[in-house]
Amino acid sequence: MTAEIVDGTAAGEGSAARRREQRGWYFYDFANSVYSTSVITVFLGPYLTSVAKNAADAHGFVHPLGIPVRAGSLYAYTISVSIVIAVLLMPLVGAVADRTGRKKPLLGAAAYVGAAATACMFFLDGDRYLLGAFLLIVANVALPVSSALYNAYLPEIAEPAERDRVSSRGWAFGYTSGAFVLVLDLALYSGHDSFGVSQSTAVRVCLATAGLWWGAFTVVPLRRLRDRRAAARRTDGARGGTAPARGAVAGGWRQLAATLRDMRRHPLTLAFLLAYLIYNDGIQTVISQASVFGSEELGLGQTTLIVAVLLVQVLAVAGALAMGRIARVYGGKRTVLGSLGVWILILVGGYFLPAGAPAWFFGLAAAIGLVLGGSQALSRSLYSHLVPRGKEAEYFSAYELSDRGLSWLGPLAFGLAYQLTGSYRVAIVSLLVFFVVGSVLLARVPLTRAVAAAGNTAPERI
């Protein structure tokens, strides 16, 4: 006999057992954040761009599948392709997880596919830009799939009043691991001669290490988290009913349509998700393209970029925890809106940054660090209150579409702006629209009513 799920958490579960699962849950952030930091934010953007330039024609273009692409836009376009694939895959995986109650095996499979693809980036050298693009697509599809399943555990392992704290601690764990590994990366990259390796080899070792780290620490959540038995679900008449998991696999497109139809029954949840998809698209595009902006537009060296990202990681730990405390006083919504205002100032400042001036770049990195973790952690906890019970994995699949730099519209806008103008400054300032529109949409969502409409109990402050 399994415990009944009430407000997303299992009634009758002791607080000690719940805390044990929470501690295990934190470690998936700890595992995959190294990929987000070392691969996406620091090394792969500039490195894949340089590999593409090695393969470019006299006009600076490569031709994947016969399509002319400016070498400097390849990285952004590849990220966009990955999220299009993820859009098709995540609702299907989420539906299978919700119907069977077996999120953990799916989480493990997705995590280890992504970790393996990242480890194989060691073989990216010379002009093998197609290999790099392929591995990036595989890893960037695996990451949101696994993260959607991971995030879907939050309503099950934390009571409503705990979720801001638990979510913020998860992000803090992730930034801690990102900072630690980045220190090791910095030592290897800056001292590659003393280690007897070339600079490009050092980069490839850093990329591969992120995959090994991701795989190694995924063991902890897989041991600590447990699957709840799938209860009677989808009694609301959504197509698919109680069809077995194999029916969901066979009807992936039908399931995607059913998920979207079901979300229309919760328009306030959908309104929050739309706001999040827009502003987080901007956040993640800034993160994924910052190293390209710093190296190509500002002329900063790789060591400077690593130190800047390390500064972001260190301050993001403190920022995530501090914003979690601020949310207890002012509510998560107001705190997130305040952080988005800071993001707008960051982009304006980035446009005017002088080239070859590391101090100014470090100042911008510090500002990003202070708001990065908190804005994401609080968004995750806010959304967890708006998810109907029994559909956590499915709804968090939709949420994950714009997480961790994997949304397609922001990178596409960034890549197009650079392709049309040849200026990364124009590309970076073009992202302002995501923060302005996202802030306006979030401000219009009545969260207390949205929580009640989803059938959940709202915390005292939201």
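Quick note: structure is the one above.
Values in this document were obtained by computation on a predicted structure and should not be read as measured data.

Criteria and cut-off values
- Residues numbered from 1 in each chain as written.
- Predicted model: local features only at pLDDT ≥ 70, side-chain atom pairs only at ≥ 80, totals over all residues.
- Heavy atoms only, no water.
- Helix = DSSP H or I, 4+ residues; strand = E, 2+ residues; numbered from the N terminus.
- Buried < 20%, exposed > 50% of the residue type's maximum accessible area, 1.4 Å probe, protein only.
- Contact = heavy atoms within 4.5 Å.
- Areas by Shrake-Rupley, 256 points an atom, 1.4 Å probe, with all protein chains shown as cover.
- Expected span 1.5 Å × (residues − 1).
- Bend = angle between axes of the 7 residues up to and from the residue.
- Salt bridge = Lys/Arg side-chain N within 4 Å of Asp/Glu carboxyl O.
- Core = buried A, V, L, I, M, F, W, Y, C linked by side-chain atoms within 4.5 Å.
- Patch = residues over 30% accessible without salt bridge, like charges linked within 9 Å, V, L, I, M, F, W, Y side chains within 5 Å.
- Lys, Arg positive; Asp, Glu negative; His and termini not counted.
- Charge placed at Lys NZ, Arg CZ, Asp CG, Glu CD.
- Phe/Tyr/Trp six-rings, centres within 6.5 Å; stacked < 30°, edge-to-face > 60°.
- Lys NZ or Arg CZ within 6 Å of the ring centre and 35° of its normal.
- Polar contact = N/O pair within 3.5 Å; in protein donor to acceptor, adjacent residues only side chain to side chain.
- Axes fitted to C-alpha atoms, helices over the stretch in contact; angles between N-to-C directions.
- Parallel < 35°, antiparallel > 145°, perpendicular 65-115°, else oblique.
- Left-handed = near helix turned anticlockwise from the far one by under 90°.
- Nonpolar A, V, L, I, M, F, W, Y, C, P; charged D, E, K, R; others polar.

### With respect to the overall build of the protein chain
- Along its length, the protein chain carries 19 helices and four strands.
- Expressed as a percentage of the 462 residues in the protein chain, the buried residues total 58%.
- Summarising the internal contacts of the protein chain: among those between residues at least 6 apart in sequence, 85% fall at separations of at least 24.
- For the protein chain, the computed accessible surface area is about 17,400 Å², with 65% contributed by carbon and sulfur atoms.

### A few points about the side chain of Thr-304
- Examined against the element boundaries, Thr-304 turns out to sit in helix 12 (residues 302-330).
- Of the residues examined, Thr-304 reaches a relative accessible area of 19% and is grouped as buried.
- Excluding anything up to four places from it in sequence, Thr-304 contacts Pro-358 and Phe-362.

### A look at helix 11 (residues 267-297)
- With 31 residues, helix 11 extends 42 Å between its outermost C-alpha atoms, agreeing within 8% with the 45 Å of an ideal straight helix rising 1.5 Å per residue.
- In the structure, helix 11 departs most strongly from a straight axis at Gln-289, where the bend amounts to approximately 50°.
- Among the 31 residues in helix 11, 22 count as buried, and that is most of the element.
- The positive-phi residue at the C-terminal boundary of helix 11 is Gly-299, with phi of around 70°.

### Re the pattern of salt bridges
- Counted according to the given criterion, the structure contains nine salt bridges.
- One salt bridge in this structure joins Lys-53 and Glu-296, with 3.0 Å as the shortest N-O distance. One end of the pair, Lys-53, is in helix 1 (residues 15-55); the other, Glu-296, is in helix 11, and 243 residues separate them in sequence.
- Note on Lys-53: relative accessible area 43%, which makes it partly exposed.

### Let's talk about the nonpolar core
- Core analysis: the biggest nonpolar cluster contains 131 residues, and Trp-25, Leu-44, Phe-272, Trp-343 and Tyr-383 have the highest contact counts within it.
- Tallying contributions element by element places helix 1 first for this core, with 16 residues.
- When sequence neighbours within four positions are dropped, the list of residues in contact with Tyr-383 reads Met-263, Thr-269, Phe-272, Leu-273, Tyr-395, Phe-396 and Tyr-399.

### Some details on a positive patch on the surface
- A contiguous patch of positive charge, built from Arg-19, Arg-20, Arg-23 and Arg-223, is present on the exposed surface.
- For the positive patch, the element with the most residues is helix 1, which contributes three residues.
- Among the structural elements, Arg-23 can be located in helix 1.

### Observations regarding the packing of aromatic side chains
- By the definition in use, this model includes 20 aromatic pairs.
- Arranged with centres 6.1 Å apart and planes meeting at 45°, the rings of Phe-180 and Trp-213 form a pair that is tilted. Pair noted here: Phe-180 is in helix 6 (residues 163-190) and Trp-213 is in helix 7 (residues 199-217), with a separation of 33 residues, a long-range link.
- Cation over ring: Lys-103 sits above Tyr-153, and NZ or CZ is 4.8 Å from the ring centre.
- Between the NZ or CZ atom of Arg-204 and the centre of the ring of Phe-122, over which it lies, the distance is 4.7 Å.

### Notes on the environment of Val-62
- Among the structural elements, Val-62 can be located in strand 3 (residues 61-62).
- Residues Val-62 and Ser-73, 11 residues apart in the sequence, show an inter-C-alpha distance of 9.9 Å.
- Contact partners of Val-62, with chain neighbours within four places excluded, come to Ala-52, Ala-55, Ala-56, Ile-67, Pro-68, Val-69 and Tyr-129.

### Concerning the side chain of Thr-218
- Within the secondary structure, Thr-218 is located in the loop between helix 7 and helix 8 (219-224).
- In this structure the side chain of Thr-218 is engaged in a polar contact, spanning 2.6 Å, whose partner is the backbone oxygen of Trp-214.
- The residues touching Thr-218, leaving out its near neighbours within four places in the chain, are Tyr-28, Ala-31, Ala-111 and Tyr-112.

### Describing unusual backbone geometry
- Of note, Leu-65 is a non-glycine position whose phi angle comes to about 55°, a positive value.
- On the secondary structure map, Leu-65 appears in the loop between strand 3 and strand 4 (69-70).
- The exposed category is assigned to Leu-65, whose relative accessible area is 85%.

### A few points about the packing of helix 3 (residues 103-119) against helix 7
- At a closest axis distance of 7 Å, the pairing of helix 3 and helix 7 adopts a crossing angle of 160°. Relative to helix 7, helix 3 is oriented roughly antiparallel. Crossing handedness for the pair helix 3 and helix 7: left-handed. Where helix 3 approaches helix 7, its residues Ala-111, Tyr-112, Gly-114, Ala-115, Thr-118 and Ala-119 are matched on the opposing element by Leu-207, Ala-208, Ala-210, Gly-211, Leu-212, Trp-214 and Gly-215.
- A per-class count over the contact of helix 3 with helix 7 returns nine nonpolar, four polar and no charged.

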